[in-house]
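Chain by chain, the residues run as shown.
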Amino acid sequence: WLIVFFYPGDFTFVCSTELTALGEQYDRLKSMGAEVLAVSTDSKFVHLAWQRHEAGLKNVKYPMGGDRTGDIARLFGVYVDGQGYSRRGTFIVTPEGRINVVEIHDDPMGRNIDELMRRFKMSLLIAKHPEKACPSKWKDDGDPTLTPGAHMVGKVYGDGGALKEGQ
């Protein structure tokens, strides 16, 4: 599994909070089978300087890639033409190379790493149990899942349904 985490630029405010929060979950993501790659259009030298000066990034262990030409950001559809940077884009890529989660934000909106973790856990569950589906309030293993089929049409909630109201 690969989590590609595009961000607009080093030495920026929201990016610092996102990359710090991602760093706090990195060991857990690794233990679950994911590698993380944070990518901006800054160089590896700017990444290093930022990591040395921003307290929250001092212990970041995941790789930070420099996409100086914007080619990788263009490939993922997050490059901002004429501006030289990428939008906030998160992609979860399966071991087979298929993108199964895409999240793209405008610059001022920081991503929630707990939500990224939830999406990755859903990805793992669905990979293991492709017959299952996760409802909107699914958070973790053991939470109710759905098994889509004709038997569920009009019966997601209520009598005999897979979910109780409020789930």
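Basis of the calculations
- Residues numbered from 1 in each chain as written.
- Predicted model: local features only at pLDDT ≥ 70, side-chain atom pairs only at ≥ 80, totals over all residues.
- Heavy atoms only, no water.
- Helix = DSSP H or I, 4+ residues; strand = E, 2+ residues; numbered from the N terminus.
- Expected span 1.5 Å × (residues − 1).
- Buried < 20%, exposed > 50% of the residue type's maximum accessible area, 1.4 Å probe, protein only.
- Contact = heavy atoms within 4.5 Å.
- Polar contact = N/O pair within 3.5 Å; in protein donor to acceptor, adjacent residues only side chain to side chain.
- Arc of directions from axis to C-beta.
- Pairing = 2+ DSSP bridges.

Draft legend 1. Just helix H4 (residues 113–128), in detail. Between its first and last C-alpha, H4 extends 23 Å over 16 residues, near the 22 Å set by a 1.5 Å rise per residue. Buried residues of H4: Ile113, Leu116, Met117, Arg118, Phe120, Lys121, Met122, Ser123 and Leu125, and no others. The elements touched by buried residues of H4 are strand S1 (2–6), helix H1 (13–31), strand S6 (88–93) and strand S7 (99–105). For H4, the capping residue at the N-terminal end is Asn112, with a side-chain oxygen 2.7 Å from the backbone nitrogen of Asp114.

Draft legend 2. Local environment of helix H2 (residues 44–53). Taken together, the buried positions of H2 are His47, Trp50 and Gln51. Seen along its axis, H2 keeps its buried residues to an arc of 100 degrees; they face one direction. Exposed residues on H2 whose side chains face more than 90 degrees from its buried face are Phe45, Arg52 and His53.

Draft legend 3. The arrangement of the pairing of S7 in detail. In terms of strand pairing, S6 meets S7 through 6 bridges, oriented antiparallel. Each bridged residue has a counterpart across the sheet, and for Ile92 the counterpart in S7 is Val101. The antiparallel pairing of S6 with S7 creates a hairpin that spans 5 residues between the two strands, and Gly97 there sits at a positive phi of about 90 degrees.

Note that all results are geometric; they support no functional claim without further evidence.
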